[in-house]
Amino acid sequence: MRNLKRTKKLILTSMTVALSLMAATASADTGTAHIKIGSISGGASSITYWVDSSVASYGQNGGVDNAISKWDAASSGISFSSASSSTAKLKVYAGEYSLPANVYGETSYWYFNGQQIGAGAITNGQNYEVARVVIDAGWTSGWEQSERYMNAGHEIGHVLGLNHFENAPAHSGDHWMKSGKYKLTSPTATDLAHVRTKWGW
């Protein structure tokens, strides 16, 4: 009798965990409003990256390092490794007022031959070979460290195929993939559900 109760308890616990995981995945909108169809060459399991010296010069290296580390840990399908500037698939730069007014960061998509691909084309299924991320230290001047972390995390989230979470159907609350200035040092459960929908657990 005691063993039967224990077995029932284990089954109920297992079902609760399974339902929780299903709910987390279900909260990820699989449409192109939030997840791009196109991907970086070779997939997210082999993203080589290079960080320009300008990133440290403008004090943005902590945010970039944190973003790469947190996204790398988000899914078994994501793996970052450092490389040279000539071979890296992800290149990160920083500038001061180098982007339009109140644009805190920008991600652009390219082929190795120097041809740029529009973000809309990536959303609709075009693959790309190189992503360039620019963090603007001018427009983010005076920000707290947690806000810089969110900004870098947001841009590298685009490299992983995520779109903005304010796009319909919008997600409530603050997330790494929501545009703006928020104090977030890690991707939220909603961010993770979306990136795992694209790249697996």
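Preceding this paragraph is the structure being described.
Since this is a predicted model, take the numbers as computed values, not measurements. (Residues numbered from 1 in each chain as written. Predicted model: local features only at pLDDT ≥ 70, side-chain atom pairs only at ≥ 80, totals over all residues. Heavy atoms only, no water.)

A. Spotlight on the overall build of the protein. Along its length, the protein carries 6 helices and 6 strands. If you list the helices and strands of the protein from N to C, you get α-β-α-α-β-β-β-β-α-β-α-α. Residues counted as buried form 43% of the 201 residues belonging to the protein. Sequence separation of 24 or more characterises 76% of the internal contacts of the protein that already satisfy a separation of 6 or more. About 9,900 Å² of surface is accessible on the protein, with carbon and sulfur atoms providing 53% of the total. (Helix = DSSP H or I, 4+ residues; strand = E, 2+ residues; numbered from the N terminus. Buried < 20%, exposed > 50% of the residue type's maximum accessible area, 1.4 Å probe, protein only. Contact = heavy atoms within 4.5 Å. Areas by Shrake-Rupley, 256 points an atom, 1.4 Å probe, with all protein chains shown as cover.)

B. Seen up close, unusual backbone geometry. The amide bond that connects A168 to the next residue, P169, takes the cis arrangement and shows omega of -5°. Located in the positive-phi region is Y97, a residue other than glycine, with phi close to 55°. Its location among the elements puts Y97 in the loop between strand 3 (90–95) and strand 4 (105–110). For Y97, a relative accessible area of 46% puts it in the partly exposed group. One non-glycine residue with positive phi stands out, namely N102, at about 60°.

C. Local environment of the sheet that holds strand 4. Strand order in this open sheet of 6 strands is 2-1-3-6-4-5, and the pairing throughout is mixed. This sheet does not close on itself; its edge strands, each paired only once, are strand 2 (80–82) and strand 5 (116–117). Sheet analysis places strand 1 (residues 47–51) next to strand 3, joined by 3 bridges and oriented parallel. Looking at strand 3, one finds that Y49 is bridged to L90. The strands that helix 3 (residues 61–72) touches are strand 1, strand 2 and strand 3; relative to strand 2, the one it contacts most, it runs at about 140°. This element, helix 5 (residues 145–159), spans strand 2, strand 3, strand 4 and strand 6 (130–136) of the sheet and lies at about 20° to strand 4. (Pairing = 2+ DSSP bridges. Axes fitted to C-alpha atoms, helices over the stretch in contact; angles between N-to-C directions.)

D. Molecular detail of the side chain of S39. Counting through the fold element by element, S39 comes out in the loop between helix 1 (2–26) and strand 1. Setting aside its immediate chain neighbours within four residues, S39 contacts Q126, N127, Y128, K198 and W199.

E. Geometry of the packing of aromatic side chains. Overall, the coordinates contain 6 aromatic pairs when judged by the stated rule. For the ring pair Y49 and F80, a centre distance of 6.2 Å and an interplane angle of 75° mean the geometry is edge-to-face. Linking Y49 in strand 1 with F80 in strand 2, this pair joins segments that are 31 residues apart in sequence. Aromatic pair Y104 and W143: ring centres 4.6 Å apart, planes at 65°, arrangement edge-to-face. Of this pair, Y104 sits in the loop between strand 3 and strand 4 while W143 sits in the loop between strand 6 and helix 5, and the two are 39 residues apart along the sequence. For W143, a relative accessible area of 8% puts it in the buried group. Its guanidinium or amino end placed over the ring of W110, R132 lies 3.9 Å from that ring's centre, counting from NZ or CZ. A cation sits over an aromatic face here: K198 above W199, 5.1 Å from the ring centre. (Phe/Tyr/Trp six-rings, centres within 6.5 Å; stacked < 30°, edge-to-face > 60°. Lys NZ or Arg CZ within 6 Å of the ring centre and 35° of its normal.)

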